[in-house]
Amino acid sequence: MTLRIADGARWHDVLSSAQALTPEAFDGDRLRNLVGGRWRAVGRDRDLTTPVDGTTLATQLMLSTAQAGEAVRHSAGEHAEWREQPLAERKARVAAAVDAMTEARDLLAMLLVWEIGKPWRLACADVDRALDGVRWYLDEVDGMLGSGETARHALPGPVSNIASWNYPMSVLVHAELVQLLAGNAVIAKTPSQGGSVCLTVAHELMLRAGLPVTLLSGSGQELSDVLVRSGEIGALAFVGGRTNGGKVAARLVDSGKRHFLEQEGLNAWGIWEFSQWDVLAKHLKKGFEYGKQRCTAYPRYVVQRKLVDRFLETYLGVVREVRFGHPLAVEADETALPELDLGPLISAAKVAELESRVVEALRGGGVPLYRGSLDSGRFLPGQDTSAYHAPVCLLAPPGSARLMHEEPFGPVDTVVVVDTEAELLAGMNASNGSLVASLACDDIDLAGRLAKDVQAFKVGINQPRSRGDREEPFGGRGASWKGAFVGGELLMQAVTEGPAGEVLYGNFPDYSRYPAT
């Protein structure tokens, strides 16, 4: 079987379409920065490459600390004007931006395929989820902001957004549009590992709708303090790993600044007194989407010893059918893009990191249950496959191994065998808190009792949990989250101010001011 890139899907064609739609945002193949309502060709060059096949995509312009500081000051000026706009005007402009992005949906999705390796179906879902979510807020925002003495108002300064690369639209752009609805100007930093071109196009469409948006590129080391601690900033929204999140939290300690920091945790499925294997198989299959490169993926399975044989029969049957490879590769007579579960990981460096963790666990006594091979992937002849990683599953990683306590953020699963309920809970709570967890258990009452001691913000019973948005709150327990909880009314509360003495719900260290739910 010889594969080729689908018609119209080559990077040159996709980039040309982006440049034709939003020429203001490009300086040739260089991505400008959006500062003070203008796209500026300032900053030092940094090439962007794709994990799909190593192609160079474009050149990013990386700002210095001083240049980012200037951008924040411009945004603060825009914020002062925007927060005075009537809600009806804000809604009209946000709706116009959503309409423009809806027209550009396929282009935005194709940019995500090339930039972060998302299979086509999942890239489309990322864009659709962002836009559908904002439409919901457009319908609900009047009631959330209230009126009269209980009305909520924009924060004193713009909202700064630092997000990871894996969901540029449904996490970052979605959050910005809701923050804008609430009356805040917004600042976004492009993720260092991918999504810059998609975000550039999206932000030009937002700018055309009359929204006060700022989009900056630069290294975290140079821009972090400016985007976290600047006095002009009213709130910080962060999505990323615990290492960087911890650094951000430390910088916020003495600032009193509004914040919500979403960080990863080792999300776990607990399998206890269970028999519905066909149901679990469907959830396991869906769980491999995008190579488990998401904060609500499930890489840990804690299994009752007497069920290990049935679990492995189910799990191995699923993992052997996982489809991966070049997300745009088709056969000569094909026109539809392939239905893949995962493409590449975000970089070859991430693949090397995962491999080192697998080796570490095996050396400590972990048992390989499944080790996939790139030979079963769909690739172009001679293609660079250094960013691809086939699924792996290990039994009983040693306590000293990083895979025992940390989220791998890739298609590497671990299985822990237990004999008691106490061991089940200990195995599920191995990472000091997580965003989600699930229990597979036939006895719903028992599952509910066990769920109370699982250190996750959301616990599913015989079904996975997801980040969620709209009316469903989202947060974390332990080290997986810091700051205000979000989702629906809680998200609107996090980016607005209400009556004096109000309570914000979240993981704040000062529980006298911000009691946790």
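Anything mentioned here points back to the structure above.
Residues numbered from 1 in each chain as written. Predicted model: local features only at pLDDT ≥ 70, side-chain atom pairs only at ≥ 80, totals over all residues. Heavy atoms only, no water.

Asks: Teacher, can you tell me more about the pairing of strand β9 (residues 159-162) here?
Replies: When a strand is regular, its side chains alternate between the sheet's two faces. Residues Val159 and Asn161 line one face of β9 and the alternating positions Ser160 and Ile162 line the opposite face, and both faces are buried. Relative to strand β10 (residues 186-189), β9 runs parallel, the two sharing four bridges. By the bridge assignment, Ser160 is partnered in β10 with Ile187. Bridge count for β9 against strand β12 (residues 235-239) is four bridges, and the pairing is parallel. Looking at the pairing, Ile162 lines up with Phe238 of β12. (Buried < 20%, exposed > 50% of the residue type's maximum accessible area, 1.4 Å probe, protein only. Helix = DSSP H or I, 4+ residues; strand = E, 2+ residues; numbered from the N terminus. Pairing = 2+ DSSP bridges.)

Asks: Looking at this structure, I do not really get the packing of aromatic side chains. What am I missing?
Replies: The description of two aromatic rings rests on the distance between their centres and on the angle between their planes. With the rule as written, the count across this model stands at 17 aromatic pairs. Seen from their ring centres, Phe324 and Phe379 are 6.4 Å apart, and the 65 degrees between their planes marks the pair as edge-to-face. Within this pair, whereas Phe324 is found in the loop between α11 (308-319) and β16 (329-331), its partner Phe379 is found in the loop between β17 (367-371) and β18 (392-395), the two being separated by 55 residues in sequence. Look at Phe379 and you get buried, because its relative accessible area is 16%. (Phe/Tyr/Trp six-rings, centres within 6.5 Å; stacked < 30°, edge-to-face > 60°.)

Asks: Explain the layout of surface pockets to me, please; I cannot follow it from the model alone.
Replies: It is a probe the size of a water molecule, rolled over the atoms, that shows where empty space is left. Approximately 1100 Å³ is the volume attributed to the largest pocket. Mapped by element, the contributors of at least two residues to the lining of the largest pocket are α8 (220-229), β12, α9 (242-252) and α12 (348-363). Broken down by element, the residue count for the lining of the largest pocket peaks at six residues, all from α9. Class assignment of the residues belonging to the lining of the largest pocket gives a composition of 14 nonpolar, 14 polar and 11 charged. By volume, the second largest pocket is sized at about 650 Å³. Along the wall of the second largest pocket there are 28 residues; nearest its centre are Arg129, Tyr167, Glu289, Arg294 and Ser466. For the lining of the second largest pocket, the elements supplying multiple residues, two or more each, are α5 (120-145), α6 (168-181) and α10 (277-287). A per-element tally of the lining of the second largest pocket places α5 first, with five residues. Of the residues contributing to the lining of the second largest pocket, the split by class is 11 nonpolar, seven polar and 10 charged. (1 Å grid on protein atoms, 1.4 Å probe; cavity = no way out; pocket = protein on both sides within 12 Å on 5 of 7 lines; lining within 4 Å. Points joined across faces, edges and corners; volume = space filled by probe spheres on them. Nonpolar A, V, L, I, M, F, W, Y, C, P; charged D, E, K, R; others polar.)

Asks: Even after reading the chapter, I still don't get the side chain of Thr50, so can you show me in this structure?
Replies: Tracing the chain through its elements places Thr50 in the loop between β6 (44-49) and β7 (56-62). Here Thr50 falls in the buried class, since its relative accessible area comes to 3%. Here Val52 takes part through its backbone nitrogen, which lies 2.9 Å from a polar atom of the side chain of Thr50. Apart from residues lying up to four places away in sequence, Thr50 is in contact with Thr55, Leu57 and Trp114. (Polar contact = N/O pair within 3.5 Å; in protein donor to acceptor, adjacent residues only side chain to side chain. Contact = heavy atoms within 4.5 Å.)

Asks: Looking at this structure, how should I read the sheet that holds β18?
Replies: Two modes of strand pairing occur in sheets, parallel and antiparallel, and in both the strands are linked by backbone hydrogen bonds. In spatial order, the strands read β17-β18-β19-β15-β14-β20-β21; together these seven strands make up an open sheet with mixed pairing. The sheet terminates laterally at β17 and β21 (456-461), the two strands that pair on one side only. Looking at each pair of strands side by side, their axes are set apart by 20 degrees on average, direction ignored. Sheet topology places strand β14 (residues 268-271) next to strand β20 (residues 434-440); four bridges connect them, and they run parallel. Bridge pairing in β20 places Gly270 opposite Leu439. (Axes fitted to C-alpha atoms, helices over the stretch in contact; angles between N-to-C directions.)

Asks: Whenever I open this one, the pattern of salt bridges confuses me. Can you help?
Replies: Opposite charge on two side chains allows them to pair when their charged atoms are near. Enumeration over the complete set of coordinates arrives at 35 salt bridges. Ionic pairing is found between Lys306 and Glu273, a salt bridge with its closest N-O pair at 3.1 Å. Of the two residues, Lys306 is situated in the loop between β15 (300-304) and α11 and Glu273 in the loop between β14 and α10; the sequence distance between them amounts to 33 residues. Classification of Glu273 by relative accessible area gives partly exposed; the value is 32%. (Salt bridge = Lys/Arg side-chain N within 4 Å of Asp/Glu carboxyl O.)

Asks: Explanation requested: empty space enclosed by the protein in the structure shown.
Replies: A full pass over the atoms with the stated rule returns two cavities of 30 Å³ or more. Approximately 230 Å³ is the volume found for the largest cavity. What lines the largest cavity is a set of 23 residues, among which Val171, Ala175, Phe260, Arg467 and Val486 lie closest to the centre. In terms of residue class, the lining of the largest cavity is built from 14 nonpolar, six polar and three charged. Looking at the second largest cavity, its volume works out to about 40 Å³. Along the walls of the second largest cavity sit Leu31, Arg32, Asn33, Gln60, Leu61, Thr190, Ser196, Thr200, Leu215 and Ser217, which together make up its complete lining. Those elements that provide at least two residues to the lining of the second largest cavity are β7 and α7 (196-208).

Asks: Explain the pairing of strand β22 (residues 481-484) here, please?
Replies: Judged from the three bridges that link them, strand β13 (residues 258-262) and β22 form a sheet pairing that is antiparallel. Residue pairing across strands places Phe260 opposite Gly483, the latter belonging to β22. One ladder, built from two bridges, connects β22 with strand β24 (residues 506-507); its direction is antiparallel. Paired with Ala484 across the strands is Gly506, a residue of β24.

Asks: I would appreciate a short explanation of the sheet that holds strand β2 (residues 26-27) in the present structure.
Replies: Sheet architecture is open: four strands sit in the order β2-β3-β7-β6, paired in mixed fashion. Taken across any chain shown, the strands that pair with only one partner, and hence form the sheet edges, are β2 and β6. As defined by bridge partners, β2 adjoins strand β3 (residues 30-31) across two bridges and the pair is classed as antiparallel. Bridge assignment links Asp27 to a residue of β3, and that residue is Arg30.

Asks: Before we go on, may I ask you to explain the packing of helix α4 (residues 105-116) against α5 in this structure?
Replies: Between two packed helices, what matters for the description is the angle formed by their axes and the separation of those axes. Packing of α4 against α5 leaves a shortest axis separation of 8 Å and a crossing angle of 125 degrees. In terms of orientation, α4 lies oblique with respect to α5. Our pair here, α4 against α5, has a crossing hand that is right-handed. Of the residues in α5, those in contact with Arg105, Asp106, Leu108, Ala109, Met110, Leu112 and Val113 of α4 are Trp120, Ala123, Cys124, Asp126, Val127 and Asp128. For the contact of α4 with α5, the per-class residue count stands at nine nonpolar, no polar and four charged. (Parallel < 35°, antiparallel > 145°, perpendicular 65-115°, else oblique. Left-handed = near helix turned anticlockwise from the far one by under 90°.)

Asks: I'm lost on unusual backbone geometry in this one. Help?
Replies: Negative phi is the rule for most residues except glycine; trans is the rule for most peptide bonds. Of note in this structure, Lys292 is not a glycine but carries a positive phi near 60 degrees. As for its position among the elements, Lys292 is in the loop between α10 and β15. Although it is not a glycine, Asn432 sits at a positive phi angle of roughly 55 degrees. Secondary-structure assignment places Asn432 in the loop between α14 (421-428) and β20.

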